[in-house]
Amino acid sequence: MSWLIEEEPSQEQLAAGWRRFVEAGPIVQIVGTHDGMAARIAKQAGFGALYLSGAAYTASRGLPDLGLIYSNEVAERARELVRASGLPLLVDIDTGYGGILNVARTAKEMVEAKVAAVQIEDQDMPKKCGHLSGKKLISTEEMCQKIRTLKAVSPTLYIVARTDAKGVEGMAEAITRAKHYLAAGADAIFPEALEREEEFQHFRKEVDAPLLANMTEFGRTLYYTAAQFESWGFRMVLYPVTSLRVAAKAYERVFEEIRQQGTQIGSLADMQTRSELYQAIRYEDYEALDGSIARSTWEDKS
Ligand SMILES: C[C@](O)(C(=O)O)[C@H](CC(=O)O)C(=O)O
């Protein structure tokens, strides 16, 4: 899929595709793609479902992940990712950006952006990364109202309900909340910041629903493989901020090199070449779309 030059699926088709993907197995590996290029490269690498992370989105704007953003801003980025990839996208809508009316607005905007699935969490404001301490939760009933609102306003959206309760109130409360969220209409549960294998297995034993594991880096969760999560009964595994982290580290290195050496030549081997870049965004197909655009010539010396 690439905007303008291919036909785009509808929101209903993307959401149905997402459901089929999760139900059919094997475990769905969902990579975070913070911009259109990352979405194109993820698709090229063979991923069939993408994630827009609140942490990566805010970081890409030079902001902390503390609930400073609004639904229309995230919907705009989400729209770019769907246009760039044509793939089912799961969007991190944080707390729904406020109360019930804000959740309703978010639900509408996500469907308008052709988002397949959303992830809503039960933190109170100011929300934080789920792997930090000092989080506060809203009541179970308020979270259920938010889930019911999403379902009522946008019935085609797949709803992943995230509970941050394990790190605040403990495992038993996280399990109880998950059951209420499913009864309110959630399609899947994301138990945030579980740490070890036994916790994942225990949660799975108690909660009979599609479950999502968050394999974020530098968090509380030990590093497990997709196959391990699958063997414990999880249906989805997330790599939310990986694209942003590797990109940021890569340009940190090359900027340092340019400043120190006065040239970037030592880093060329680590760069996407002009030809790779143009292939990734289908440059020539866009040019071909309008025969009246003179074809630019370039020589790839990489
Ligand atoms: C999943 C998450 O909400 C995100 O915004 O991607 C974050 C990821 C992170 O900060 O590493 C989270 O709260 O786990």
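This one's a predicted model, so the numbers in the text were calculated from it and none came from an experiment.

1. Remarks on the overall build of the protein chain
Now for step 1: When helices and strands are tallied, the protein chain shows 12 helices and 8 strands.
Now for step 2: What you see for the protein chain is a C-alpha radius of gyration of 20 Å, in line with the 19 Å of a compact globule of 302 residues.
Now for step 3: C-alpha atoms of the protein chain, sized along the principal axes, occupy 60 × 45 × 35 Å.
Now for step 4: Counting only residues that meet the buried cut, the protein chain has 49% of its 302 residues in that class.
Now for step 5: Partitioning the contacts of the protein chain with sequence separation of at least 6, the portion at a separation of at least 24 is 71%.
Now for step 6: As displayed, the protein chain offers around 14400 Å² of accessible surface, 53% of which is attributable to carbon and sulfur atoms.
Now for step 7: With 35 positive and 43 negative side-chain charges, the protein chain shows a spacing of 2 Å between the two charge centroids.

2. Notes on the pattern of salt bridges
Now for step 1: If you walk through the whole model with that rule in mind, you get 28 salt bridges.
Now for step 2: Note that D94 and K127 form a salt bridge whose closest N and O atoms lie 3.6 Å from each other. Of this pair, D94 sits in the loop between β3 (89-92) and α5 (100-112) while K127 sits in the loop between β4 (117-121) and α6 (140-153); the two residues are 33 residues apart in sequence, bridging distant segments of the chain. Each member of the pair, D94 together with K127, is buried.
Now for step 3: Linking R162 and E121 is a salt bridge whose minimum nitrogen-to-oxygen distance equals 3.4 Å. Of this pair, R162 sits in strand β5 (residues 158-163) while E121 sits in strand β4, and the two are 41 residues apart along the sequence. The same class applies to R162 as to E121, namely buried.
Now for step 4: Through salt bridges with shared partners, one network takes in D65, D94, E121, K127, K135, R162, D164 and E192.

3. Structural notes on the site of the ligand
Now for step 1: With respect to spatial proximity, 16 residues lie near the ligand, and among them S53, A55, G130, E192 and T216 are the closest.
Now for step 2: At a separation of 2.8 Å, an oxygen atom of the ligand approaches a polar side-chain atom of R162.
Now for step 3: Considered on its own, the ligand offers 340 Å² of accessible surface; in the complex 96% of this is hidden by protein.
Now for step 4: Residue composition of the shell around the ligand, grouped by class: 5 nonpolar, 6 polar and 5 charged.

4. Some thoughts on the pairing of β5
Now for step 1: Across the 6 residues that make up β5, a large majority, 6, are buried.
Now for step 2: Chirality of the crossover, the property in question, places the unit of β4, α6 and β5 among those that are right-handed.
Now for step 3: Between β5 and its parallel partner strand β6 (residues 188-191), the chain crosses via helix α7 (residues 171-183), and the hand of that crossover is right-handed.

5. Regarding the packing of aromatic side chains
Now for step 1: One pass over the full model with this rule turns up 11 aromatic pairs.
Now for step 2: Taken together through their ring pairs, the aromatic side chains of F200, Y224, F229, W232 and F234 make up a single cluster.
Now for step 3: The ring of F190 is capped by R162, whose NZ or CZ atom sits 5.3 Å from the centre of that ring.

6. Some words on the sheet that holds strand β1 (residues 28-32)
Now for step 1: Judged by pairing direction, the sheet is parallel, and its 8 strands sit side by side in the order β6-β5-β4-β3-β2-β1-β8-β7 without closing on themselves. Unpaired on one side and paired on the other, β6 and β7 (212-214) mark the two borders of the sheet. Taken pair by pair, the neighbouring strands of this sheet meet at an average axis angle of 25°, ignoring direction.
Now for step 2: Bridge count between β7 and strand β8 (residues 236-239): 3 bridges; the pairing is parallel. From the neighbouring strand, N214 faces β8, where its bridge partner is L238.

Criteria and thresholds
Residues numbered from 1 in each chain as written. Predicted model: local features only at pLDDT ≥ 70, side-chain atom pairs only at ≥ 80, totals over all residues. Heavy atoms only, no water. Helix = DSSP H or I, 4+ residues; strand = E, 2+ residues; numbered from the N terminus. Rg over C-alpha atoms; globule rule 2.2 N^0.38 Å. Buried < 20%, exposed > 50% of the residue type's maximum accessible area, 1.4 Å probe, protein only. Contact = heavy atoms within 4.5 Å. Areas by Shrake-Rupley, 256 points an atom, 1.4 Å probe, with all protein chains shown as cover. Lys, Arg positive; Asp, Glu negative; His and termini not counted. Charge placed at Lys NZ, Arg CZ, Asp CG, Glu CD. Salt bridge = Lys/Arg side-chain N within 4 Å of Asp/Glu carboxyl O. Near = heavy atom within 4 Å. Polar contact = N/O pair within 3.5 Å; in protein donor to acceptor, adjacent residues only side chain to side chain. Nonpolar A, V, L, I, M, F, W, Y, C, P; charged D, E, K, R; others polar. Right-handed = clockwise from strand over helix to strand, strands pointing away. Phe/Tyr/Trp six-rings, centres within 6.5 Å; stacked < 30°, edge-to-face > 60°. Lys NZ or Arg CZ within 6 Å of the ring centre and 35° of its normal. Pairing = 2+ DSSP bridges. Axes fitted to C-alpha atoms, helices over the stretch in contact; angles between N-to-C directions.

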